[in-house]
Amino acid sequence: MGRAEERRARQRGGRRAAPGRPSGTPSAAAGGDTVTVVGSAPAPGGRAAARRAAKGAGKGGAGKGRIRRLFTWKKILGTFLGTCLLAIGAFIALYLSVDIPEGNAAAQAALRQSNIYKYSDGSTLARDGEVNREIVDLSKVPKEVRNTFVAAENKSFYNDNGIDLKGTARGVLNTLMGKGAQGGSTITQQYVKNYYLSQEQTVSRKLREIVISLKVDRQMSKDEILAGYINTSYYGRNAYGIQAAAQAYYGVDAEKLKVEQGAYLAALLQAPSQYDWQAASETGRKLVQARWNYVLDNMVEEGWLSQTERQGLTFPKPKEPKPTAGLEGQKGYFVALANRQLEDQLMKEQGLTRSQAEAAVVDQGWTITLNIDKKKQAKLEKAVKAQLTSKLDAKKRKVDADVQAGAVSVDPKTGKVVALYGGVDYFKHYTSNATRTDYQPASTFKPVILAAALEENAQTQSGKPITANTIYDGTSKRPVVDSNGNKVGFAPENEDDENYGDITVQTAMNKSVNSVFAQMGVDVGMKNVMDVAGKLGMDVADEEAVPAQTLGTMGASPLQMAGVYATLDNHGKKVTPSIVKTAEHNSQAVELPDPVGEQVISRESADTVTSVLTGVVDDGTARRSVANNPERDGQKVAGKTGTSDDNKSAWFTGYTPDLVTSVGLFGEDDKTHAQAKMYGAGGEERVNGGGFPAEIWAAYMFGVTKANAKFDLDTDQGAAVQPTWTPTPTQEPTTQEPTEEPTTQKPTETPTTEEPTEEPTTEPPTEEPTTEPAPTAPTDEPTDPITLDPGRPDNDQ
């Protein structure tokens, strides 16, 4: 062996030995030489320390080794496969143990029971639930109509095995998580649920549905399943099955249905009551039209309808419903709202879809007690007849046929809907005017703007807090400006283009001055205004936070506005009006939410708005009809009038310490049901909020509210607060009183609303004033005009 080979051998031996040597110890090399590692120090403790370190390393290595031995890929795979085999075995056992139960349409009909509805005192109000069903053979239903149901619910119906694995897995998971059904069922599954099972949302029921659907799909033809589905489904209007639905909605037998009519009936199944054209809200009508288009587009996609035929189809509006015994007059409106609120609760509790919730409520033997007070209800109906309907004469004035009234009365301490007026008769006007949201609330929205200003501690552009005594420029068409002094492109016109000059917020509320509240909304921040509106109970989720909303251009119902004002009356605690007192089914009661919720705005903010609104009644647009009403027996009243663009709606929403009532009048074309102007109705030049609505309100409220009740207000602002000083009036008051808007003469009493308790500030004037003005009533006030700017969303009011 040469020297080079020996050297390489020694190097190899040294490398093998190196890891076993403690750092810093000498190593014997060939020839007895020692090697020193530069920069390293001898390990403390020498060999003993090295042994301890090695022992510790051994323990860590052993721990990691045990984990690796426990979680090997083979064991993980084995566990997974074992679980799968157990699940498969369990499903096979379930499949073998579950049989298709007995079921037929007659048996299902026999199981259905009438719902009983009661007044708050327990006396019977109505019974609803006579089953309207007639089975028809599938061959009598036109093929293209059959296809509309497949296109709507389950395009793969003719090719699947009866279940949708992905949708079913999602449904089971949602049920386990408490979310209920989230869609995904095939036509077969829906037929099984309607025909053999119930609507309850439990894992066991869902698993039975899957097994029975698989078996039904093997034992029955697709046509038999489809026939069963369309003959057992609920279509609304108390109609079960396609024959009853064809008669209820179009007055024809199922064999006479056209494809576009079939598409509407198929679309209905998703939410029968919500999608019933005659009762649907504006949103509901948009949704059902979208669903109808979806059905027909799917038919084109599947080759069941040509594109040319599709383009020639128009939406087939259904006819008015036929009267049902027991639901005439106001009763049908009560039942519809009660059912809807119960369905909402079941959807929340059990995770049901809207159609499932309807099926769980309609004809299911519920006993539902309402909050409706028989005496108050009779008084409200009498007030509407005496103050409105008896004065309308469609033969004399065509416009009188276009006037619709709606009203809701709520106890602010409990949230109970104690009286409701939905229209002249449920079967003469199917849409409830009490709950419709397609008309503008107009100036009844102004108190919400003030509430937002107070709640947000908002300031004027000069940095002064906004209070009842803050002075704004009430010039008509005054451009609204932002915090930087830039115009925002909005300059609303006051009623009759009247210029009020510098006035307090209190007077601006009394006279309903648009220019003041438009500027205030921007000072507060429109997002803040809309947020407070939502907290108070308005549905503003899809509304834009723009200055035009200060004129009340969003949609709202008397039910919503009654809730908003009830929250103010209840010192800022949220009130969600409820018509349902109790709901029992098979001796089990549904737990209903408390209509009175948490504090959504401060008591001081709510009470200040109430204080300001007493001025609208005593010295403003509601004075003639409410404050000076001979039936008033010392009741303290707060409220606000409103009249929308082109006189299409008129409102008075007001309250005493113990009751809140919102009355709305809506112009609706008697033939087309489109929004219409109400000029000249009832022989009045213009239908104002201070006219018919306030008169109905007073005739009802002063007969059912407590006399001499006083507001318990925590505020030092507004018309309800005793002033600290009295300004000298600029002219002698006369006996002329305002109607909807102020007249050219001052009221008969010295106004309390012009008397600030703090030094007023002017915000923001069009010109810098030479002196700070004392607030006085305008000397040139408008009469009731009929000329409006059609380009404005609201000119109230």
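The structure reproduced in this document is the subject of the present report. Predicted, not measured: the structure shown is a model, and the values here were computed from it. (Residues numbered from 1 in each chain as written. Predicted model: local features only at pLDDT ≥ 70, side-chain atom pairs only at ≥ 80, totals over all residues. Heavy atoms only, no water.)

## Some thoughts on the overall build of the chain
Counting secondary structure elements, the chain contains 24 helices and 18 strands. Counting over 797 residues, the chain shows a buried share of 52%. Relative to all contacts within the chain whose residues are 6 or more apart in sequence, the contacts with residues 24 or more apart total 73%. (Helix = DSSP H or I, 4+ residues; strand = E, 2+ residues; numbered from the N terminus. Buried < 20%, exposed > 50% of the residue type's maximum accessible area, 1.4 Å probe, protein only. Contact = heavy atoms within 4.5 Å.)

## Regarding the packing of aromatic side chains
Inspection of the entire model under this criterion finds 17 aromatic pairs. Ring centres of F149 and Y235 lie 6.4 Å apart, and the angle between their planes is 85°; this geometry places the pair in the edge-to-face category. On the criterion of sequence distance, the pair formed by F149 in helix α5 (residues 143-153) and Y235 in the loop between α9 (222-232) and β6 (239-240) is long-range, its members being 86 residues apart. A residue is classified by how much of its surface remains accessible, and F149, at 1% relative accessible area, is buried. (Phe/Tyr/Trp six-rings, centres within 6.5 Å; stacked < 30°, edge-to-face > 60°.)

## Focus on the environment of S662
Of note, S662 is situated in strand β18 (residues 659-667). Sequence separation between S662 and P693 is 31 residues; the distance between their C-alpha atoms is 8.6 Å. Beyond its immediate chain neighbours, meaning those up to four positions away, S662 contacts G406, A407, V408, P558, M561, A562, W651, F652 and T653.

## Some details on a nonpolar patch on the surface
On the surface, a cluster of nonpolar side chains totalling about 350 Å² of accessible area is made up of W73, L77 and L81. Checked against the element boundaries, L81 lands in helix α3 (residues 73-97). (Patch = residues over 30% accessible without salt bridge, like charges linked within 9 Å, V, L, I, M, F, W, Y side chains within 5 Å. Areas by Shrake-Rupley, 256 points an atom, 1.4 Å probe, with all protein chains shown as cover. Salt bridge = Lys/Arg side-chain N within 4 Å of Asp/Glu carboxyl O.)

## Observations regarding the nonpolar core
Core analysis: the biggest nonpolar cluster contains 86 residues, and I368, L420, F445, M520, M538 and I579 have the highest contact counts within it. Residues in contact with I368, not counting those within four places in the same chain, are I116, Y117, K118, A338, N339, L342, V580, T582 and A583. (Core = buried A, V, L, I, M, F, W, Y, C linked by side-chain atoms within 4.5 Å.)

## Considerations on helix α10 (residues 242-250)
Most of α10 sits out of view: 8 of its 9 residues are buried. Residues of α10 that are buried: I242, Q243, A244, A245, A246, A248, Y249 and Y250. Against β5 (132-133), α5, α9, β6 and α11 (259-268) lie the buried residues of α10. Looking one or two residues past α10, G251 carries a phi angle of roughly 65°, positive in sign.

## Things to note about unusual backbone geometry
With a phi angle near 55°, R237 is a residue other than glycine that sits in the positive phi range. The class of R237 is buried, set by a relative accessible area of 17%. Of note in the backbone geometry, N708 takes a positive phi value of approximately 60° without being a glycine. You can call N708 exposed: its relative accessible area is 53%.

## Section: the sheet that holds strand β13 (residues 580-585)
In spatial order, the strands read β4-β3-β7-β13-β14; together these 5 strands make up an open sheet with mixed pairing. Looking at strand neighbours, the two that pair on one side only are β4 (124-128) and β14 (588-589), the edges of this open sheet. Sheet analysis places β13 next to β14, joined by 2 bridges and oriented antiparallel. Bridge assignment links H585 to a residue of β14, and that residue is Q588. (Pairing = 2+ DSSP bridges.)

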